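# Structural overview for review
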Amino acid sequence: MALSDRLAERHREIGRVFTDRVRGTRSWDVPSPVAEWTARDVVRHLTEWFPSFLAAGSGIQLPAGPSVDDDPVGAWQTQCDAVQALLDDPATADLVLSNRHIGEVPLDRAIEQFYTADVFMHTWDLARATGQDDRLDSDFCVELLAGMEPIEQVMRSSGQYGARVPVKDDADAQTKMLGFIGRDPNWTPR
């Protein structure tokens, strides 16, 4: 099923899938496909970097949830709900996020480009780490890859992405996207 083109709805759909994986996690200390991260660290990453990025660029403060160490489900749900409420608010259409690297971007587009896409990609990490369904929307994988390939050098130099993992030329869209962002599509927990 294709994801919505409406940014608020797309976040809702991607957030719902990630939330299902969060709620389906039975052990938070299992290794993830991201080197030196556990399943808990996947949630920690999403709940720690984005609030400060949002506050610095727009002045918006998301409500604080519980600690990921104490309650990863609650930490994720608090943030997911707050971001969704922000995207659902009609006043958000008039807001911008300002950042020295990207300039001024409509807030909903900045959330989509930097956060919703990150949640989407990390859904695979959490699902794979915890033995859950790790299939991602193929069309969005194609869209993300098409947007990332032209800026590969910038992405790699940011330190946020590992070296590209080679995949077969005839691999599916998800496998190609995972390889591009530095994930081994064949990774399994040890």
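Below is a summary of the structure that appears in this document. (Residues numbered from 1 in each chain as written. Predicted model: local features only at pLDDT ≥ 70, side-chain atom pairs only at ≥ 80, totals over all residues. Heavy atoms only, no water.)

### Looking at the pattern of salt bridges
Filter applied, for reference: Basic side-chain nitrogens of Lys or Arg form a salt bridge, by our definition, when they fall within 4 Å of a carboxyl oxygen of Asp or Glu. Labels follow the DSSP assignment, with helices taken as runs of H or I lasting at least four residues and strands as runs of E lasting at least two, numbered in each case from the N terminus. A simple rule labels every residue: compare its accessible area, found with a 1.4 Å probe on the protein chains alone, to the largest value its type can have, and call it buried under 20%, exposed over 50%, or partly exposed in between.
Evaluated as defined, the whole model comprises 14 salt bridges. Two residues, Glu9 and Arg12, come together in a salt bridge whose shortest N-O distance is 3.0 Å. Taken as a pair, Glu9 and Arg12 lie in helix α1 (residues 7-23) at a separation of three residues, close to a single helical turn. Residue Arg12 is classed as partly exposed on the basis of its relative accessible area of 29%. The partner of Asp133 in a salt bridge is Arg135, with the nearest N and O atoms 2.7 Å apart. Owing to a relative accessible area of 63%, Arg135 belongs among the exposed residues under this scheme.

### Overview of α1
Two residues of an α-helix separated by three or four positions point the same way, owing to the 3.6 residues in each turn. Formally: Multiplying 1.5 Å by the residue count of a helix minus one yields the expected span of that helix. Two residues qualify as a contact provided that any one of their heavy atoms is within 4.5 Å of a heavy atom in the partner residue.
With 17 residues, α1 should cover 24 Å at 1.5 Å per step; its first-to-last C-alpha distance of 24 Å lies within 8% of that length. Most of α1 sits inside the fold, with 12 of its 17 residues counted as buried. When we look at burial in α1, the residues that qualify are Leu7, Ala8, Glu9, Arg10, His11, Glu13, Ile14, Gly15, Phe18, Thr19, Arg21 and Val22. On its buried face, α1 sits against α2 (39-58), α3 (72-88), α4 (107-130) and α5 (138-148).

### Section: the packing of aromatic side chains
The criterion, for reference: Ring pairs shown here join Phe, Tyr and Trp side chains whose ring centres sit within 6.5 Å, with only the six-membered ring taken for Trp; geometry is labelled stacked below 30 degrees between planes, edge-to-face above 60, and tilted in between.
Under the counting rule described, the total for this entry stands at eight aromatic pairs. Aromatic pair Trp49 and Tyr115: ring centres 6.4 Å apart, planes at 55°, arrangement tilted. Highlighted residues: Trp49 in helix α2 and Tyr115 in helix α4, separated in sequence by 66 residues. Accessibility expressed as a relative area gives 22% for Trp49, which makes it partly exposed. Residues Phe53 and Phe114 carry aromatic rings whose centres are separated by 5.5 Å and whose planes lie at 55° to one another, so their mutual orientation is tilted. Highlighted residues: Phe53 in helix α2 and Phe114 in helix α4, separated in sequence by 61 residues.

Everything listed here is a matter of geometry and, on its own, says nothing about what the molecule does.
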